[in-house]
Amino acid sequence: DVTEKTLERIPNPDPEKEKEREKAEEEKAVQGETAIAQVTKELTWPLLNMSFTVANNVVFTEEPQLARWEDAEQCWRTDGFEDVNFNEETGTISFKTQFIGPIATFMDTYSNTPFQSWELRPAEDDGVVFTLIAASVELEIIIKEEAVCLKSPDDIELDGIRGKWLPSHVLMQKLVDCGVNVFPSEDADKYVSISCKNEQLESGVYEQIALGASTFAFSWSRWNADCGENRQIIRAAENIGTGHVDEDKWKNYSCEPQKCYVLRCTDDDDELFDEKLEETKFHPDLFNCLLEQATGQAQQQIKNSSVNFVDNISTWLFATKVLTFS
């Protein structure tokens, strides 16, 4: 048997009334969370006044960010701090918090990038001076065959490593530990605005700069950022005397995947024009282009450069990626 049932028509809900109902429920939920938060605040410990002094060998280019370790989530959290104050002169951080546990200071990994400029020039005693002007610090590093030495800056707390001869990888790590990070990571382009370049071309130019660094000075060019992905433009000048390079001695070199040549335009020109310097030739790479411009003494000095010396220079160029991050 089939039992008869009466069908009842249910009207469609009114959209306006539905919005009003949802809004009322949200307000009720917020009021409930506020009440719970107030009760929790009354039941938890009062705020504790804390302060500590950061290590005197750490460089803070900006006010440090406090963070606390959340053991339940196994991560660092930046909430839970009030009335944070950082005294730059004493290096003291004071704050209020309800949390007791590991507390650390953080700073932006990429605060020193992109770089403003760079220069590599021969120095006394068979070395080179690598100068890197970053956003908030200017580094000067002496590179030799077996070791490197941080020469400057001398106005910030780096006494523990300044003036000491160390292997390249050791000095790099110590700089990072001191808060001076000028070594872009593989994903740095996601956080810093840079000029994307052909990686194979970039690597080749670093190697060739290192080969000629014993007698040539190299520098950042204003045209490199805007010349395209498959092109690098750098400045170079023969500098056997290891002194200051006169501005009129610098030449711009255009490096491309299959050719390299000396540009007629300089960094003082108002615009970049792609013309080869008169009485110069096209070459397959930067190194051969440099040899064309080099004197006999410079060519001999380049040939006498040791493998370790060249490798040490290229290590710093690859680590800082100055052609991409300047």
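Here the structure is a predicted model, which means the values were calculated and not measured.

Peer 1: I'm lost on the overall build of the protein chain in this one. Help?
Peer 2: Secondary structure summary: the protein chain contains 6 helices and 15 strands in total. Relative to its length of 326 residues, the protein chain is extended, with a C-alpha radius of gyration of 30 Å against a globular reference of 20 Å. Dimensions of the protein chain, computed from C-alpha atoms along their principal axes, come out at roughly 105 × 60 × 45 Å. Taken across its 326 residues, the protein chain has 39% of its residues classed as buried. Relative to all contacts within the protein chain whose residues are 6 or more apart in sequence, the contacts with residues 24 or more apart total 58%. Approximately 19800 Å² of the protein chain is accessible, and the part contributed by carbon and sulfur atoms is 47%. Computed over 30 positive and 62 negative side-chain charges, the separation of the two mean positions in the protein chain equals 2 Å.

Peer 1: What should I look at first to understand the sheet that holds strand β2 (residues 65–70) in this one?
Peer 2: Strand order in the open sheet made by the 3 strands is β3-β2-β6, with antiparallel pairing throughout. The sheet is open, and its two edges are formed by β3 (75–77) and β6 (103–106), each paired on a single side. Across the sheet, the mean angle separating the axes of adjacent strands is 40° when strand polarity is ignored. Pairing of β2 with β6 involves 4 bridges; the strand directions are antiparallel. The residue bridging A67 from the neighbouring strand is A104, located in β6.

Peer 1: Is there a simple way to explain the sheet that holds strand β12 (residues 216–219) in this structure?
Peer 2: In space, the 9 strands of this open sheet follow the order β11-β10-β9-β8-β7-β12-β13-β14-β15, with antiparallel pairing throughout. The open sheet is flanked by β11 (165–166) and β15 (259–262), the only strands paired with a single partner. With 4 bridges connecting them, strand β9 (residues 138–143) and strand β10 (residues 148–152) associate as antiparallel partners. From the neighbouring strand, I141 faces β10, where its bridge partner is L150. The strands touched by helix α4 (residues 286–293) are β12, β13 (232–238), β14 (251–256) and β15; relative to β14, the strand with the most contacts, the crossing angle is about 150°.

Peer 1: Is there a simple way to explain the packing of aromatic side chains in this structure?
Peer 2: To describe a pair of aromatic rings, you give the distance between the ring centres and the angle between the ring planes. Summed over the entire model, instances satisfying the criterion amount to 9 aromatic pairs. Taken together, a centroid distance of 6.0 Å and an interplanar angle of 55° make the contact between F183 and W316 tilted. Taken together, the residues F183 in the loop between α2 (168–177) and α3 (199–212) and W316 in helix α6 (residues 307–320) connect sequence positions 133 residues apart. Of the two residues examined, F183 and W316, each falls in the buried class. With 6.4 Å between their ring centres and 35° between their planes, F216 and F218 make a pair best called tilted. F218 carries the same exposure label as F216, and that label is buried. Its end group placed over the ring of W250, R235 keeps NZ or CZ at 4.7 Å from the ring centre.

Peer 1: Got a minute to help me understand the environment of D246 in this structure?
Peer 2: With respect to the secondary-structure elements, D246 resides in the loop between β13 and β14. In this structure, the C-alpha to C-alpha distance between D246 and F52, residues 194 residues apart in sequence, is 49 Å.

Peer 1: Would you explain the pairing of β14 in this entry?
Peer 2: Side chains on a regular strand alternate between the two faces of the sheet. Burial within β14 is extensive, with 5 of its 6 residues counted as buried. Of the strand pairs in this sheet, β14 and β15 are connected by 4 bridges, and their pairing is antiparallel. Counted as the bridge partner of Y253 is V262 from β15. Between the end of β14 and the start of β15, which pair antiparallel, lie 2 residues.

Peer 1: Before we go on, may I ask you to explain the environment of C75 in this structure?
Peer 2: Among the structural elements, C75 can be located in strand β3. C75 has contacts with R68, W69 and E70, leaving out every residue within four places of it along the chain.

Peer 1: Explanation requested: the confidence of the model for the protein chain in the structure shown.
Peer 2: Atomic detail in the predicted coordinates should be set aside for any region of low pLDDT. Per-residue confidence for the protein chain gives a mean pLDDT of 86; residues scoring 70 or more make up 92%. When mean pLDDT is compared element by element in the protein chain, α6 scores highest at 95, while helix α1 (residues 15–43) scores lowest at 70.

Criteria and cut-off values
- Residues numbered from 1 in each chain as written.
- Predicted model: local features only at pLDDT ≥ 70, side-chain atom pairs only at ≥ 80, totals over all residues.
- Heavy atoms only, no water.
- Helix = DSSP H or I, 4+ residues; strand = E, 2+ residues; numbered from the N terminus.
- Rg over C-alpha atoms; globule rule 2.2 N^0.38 Å.
- Buried < 20%, exposed > 50% of the residue type's maximum accessible area, 1.4 Å probe, protein only.
- Contact = heavy atoms within 4.5 Å.
- Areas by Shrake-Rupley, 256 points an atom, 1.4 Å probe, with all protein chains shown as cover.
- Lys, Arg positive; Asp, Glu negative; His and termini not counted.
- Charge placed at Lys NZ, Arg CZ, Asp CG, Glu CD.
- Pairing = 2+ DSSP bridges.
- Axes fitted to C-alpha atoms, helices over the stretch in contact; angles between N-to-C directions.
- Phe/Tyr/Trp six-rings, centres within 6.5 Å; stacked < 30°, edge-to-face > 60°.
- Lys NZ or Arg CZ within 6 Å of the ring centre and 35° of its normal.
- pLDDT = per-residue confidence, 0-100.

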